Amino acid sequence: MTCVLTIAGSDPTGGAGLQADLQVFRDFGCHGAGVVTALTIQDSVSVHSVLPVFPSVVLDQLRTVLRDIQPDAVKIGMLASDDVVRNVILGLGELPASVPIVIDPVLQASDGKVLLERRAWPTLQGLFARASLITPNLHESEALTGEPAANRRGSEAAARIFLDDFDVKAVLIKGGHRDGAPDDLLASCDAQGEPQLDWLGGERIDLAGGRVHGTGCALSSAIAAGLAHGQELRAAIDVARSFVARGIAEARALGRGASFLGRVKSS
Ligand code: PLP
């Protein structure tokens, strides 16, 4: 049985965070394991408050589960505080280097609520080199690299910073917040260490129900599930992007605010 571990914050609505990640793992035929890094109080309208889990408890969860179960891939989402990031890094010491990690560098919610404190950014950046892929959105890319990513040239400059300064193996800069076509940029280094930049075309999907919550969580979880099944990175990204696009097309509002991804089969 293929197993994916998520290290993420709790979203009681089930639309994002750990609860959403576990649903995606199941959609991809994987067993989902989960280490909680933070509790959030939120509804589909906004995040009301954030309570980081005590850092030593995060470490204890992670060490205990990793000493018993070896996941086939790990997804990292919201980490909330600097101390939590440090303890996640410590806990990952138990994980063999061959196990792929996908990091969604969650910094803030769509409503602006801070989901990772500012002083934790350099600590998180220190973890990037261990990941097979990081998946920032435009805001996160801009915040972490200082390069305005709204136009293509800015995204390409940001991608080079991720590769050169943060030593990431691959970065997918998500274009969902871009004006116009929501193309994503995939950047990685080839065997000669030369940067390879690939624009992955996206189509804007008309949303009857307005904003969709948790698309970033679902994308990184779906990629992690693909890697867990042994797929190549590019294939896992292609399948995950189509899975999320179909989920957006089928999204429905259950509450008064954002819609949740429709449940679609992974293909
Ligand atoms: N809550 C948790 C636990 C999350 O991990 C995230 C995003 O990663 C959010 C809330 C915010 O999601 P959105 O910006 O899609 O509303």
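A. The arrangement of the site of the ligand in detail. Gln42, Ser110, Arg211, His213 and Gly214 are the nearest of the 14 residues found near the ligand. For the ligand, an oxygen atom lies 3.2 Å from a polar atom in the side chain of Arg211. Here the residues of the shell around the ligand are counted per class, giving six nonpolar, seven polar and one charged.

B. Structural view of the pattern of salt bridges. The full count for this structure, using the stated rule, is 13 salt bridges. Here Asp43 and Arg256 are joined by a salt bridge, their closest N and O atoms 3.6 Å apart. One end of the pair, Asp43, is in the loop between β2 (31-42) and β3 (47-52); the other, Arg256, is in the loop between α8 (233-249) and β11 (259-260), and 213 residues separate them in sequence. With a closest N to O distance of 3.0 Å, Arg234 and Asp238 form a salt bridge. Here the residue Arg234 and the residue Asp238 both occupy positions in helix α8, the gap between them amounting to four residues, near one helical turn. Judged by its relative accessible area of 36%, Arg234 is partly exposed. A single network of salt bridges, built from pairs that share partners, joins Asp82, Arg86, Glu117 and Arg119.

C. Just the nonpolar core, in detail. Among the nonpolar cores identified, the biggest contains 43 residues, and Ile7 and Ile76 are the most heavily contacted of them. For this core, the element with the most residues is helix α6 (residues 152-164), which contributes five residues. When near neighbours in sequence (up to four residues on either side) are disregarded, Ile76 contacts Ile7, Val88, Leu92, Ile101, Val102, Ile103, Asp104 and Leu127. Counting residues in hydrophobic clusters, the runner-up holds 31 residues, among them Val24, Ala73, Leu133 and Ala225.

D. Geometry of the environment of Gln23. Here Gln23 is to be found in helix α1 (residues 17-27). Each C-alpha atom of the pair Gln23 and Arg263 lies 8.8 Å from the other, and the pair is 240 residues apart in sequence. With residues near it in sequence (within four places) discarded, Gln23 still touches Gly14 and Arg263. Only 3.4 Å separates the side chain of Gln23 from the backbone oxygen of Gln19, close enough to count as a polar contact.

E. The arrangement of the packing of aromatic side chains in detail. In the structure shown here, the tally under the stated rule is four aromatic pairs. Ring centres of Phe28 and Phe243 lie 4.8 Å apart, and the angle between their planes is 65 degrees; this geometry places the pair in the edge-to-face category. With Phe28 in the loop between α1 and β2 and Phe243 in helix α8, this residue pair connects regions lying 215 residues apart in the sequence. Residues Phe28 and Phe243 agree in their burial class; the two are buried. Each ring, one from Phe162 and one from Phe166, has its centre 5.8 Å from the other, and the planes form 55 degrees; the classification is tilted. With relative accessibility at 0%, the residue Phe162 sits in the buried group. Above the ring of Trp199, the side-chain terminus of Arg152 is found at 4.2 Å from the ring centroid.

F. Region of the structure containing unusual backbone geometry. In the Ramachandran plot, Ala80 falls in the positive-phi region, its phi being about 70 degrees despite a non-glycine side chain. Within the secondary structure, Ala80 is located in the loop between β4 (73-76) and α3 (82-91). A relative accessible area of 9% places Ala80 in the buried class. The phi torsion at Asp167 lies on the positive side, around 55 degrees, for a residue other than glycine. Its place among the elements puts Asp167 in the loop between α6 and β7 (170-173). Its relative accessible area of 52% is what places Asp167 among the exposed residues.

What counts and how
Residues numbered from 1 in each chain as written. Predicted model: local features only at pLDDT ≥ 70, side-chain atom pairs only at ≥ 80, totals over all residues. Heavy atoms only, no water. Near = heavy atom within 4 Å. Polar contact = N/O pair within 3.5 Å; in protein donor to acceptor, adjacent residues only side chain to side chain. Nonpolar A, V, L, I, M, F, W, Y, C, P; charged D, E, K, R; others polar. Salt bridge = Lys/Arg side-chain N within 4 Å of Asp/Glu carboxyl O. Helix = DSSP H or I, 4+ residues; strand = E, 2+ residues; numbered from the N terminus. Buried < 20%, exposed > 50% of the residue type's maximum accessible area, 1.4 Å probe, protein only. Core = buried A, V, L, I, M, F, W, Y, C linked by side-chain atoms within 4.5 Å. Contact = heavy atoms within 4.5 Å. Phe/Tyr/Trp six-rings, centres within 6.5 Å; stacked < 30°, edge-to-face > 60°. Lys NZ or Arg CZ within 6 Å of the ring centre and 35° of its normal.

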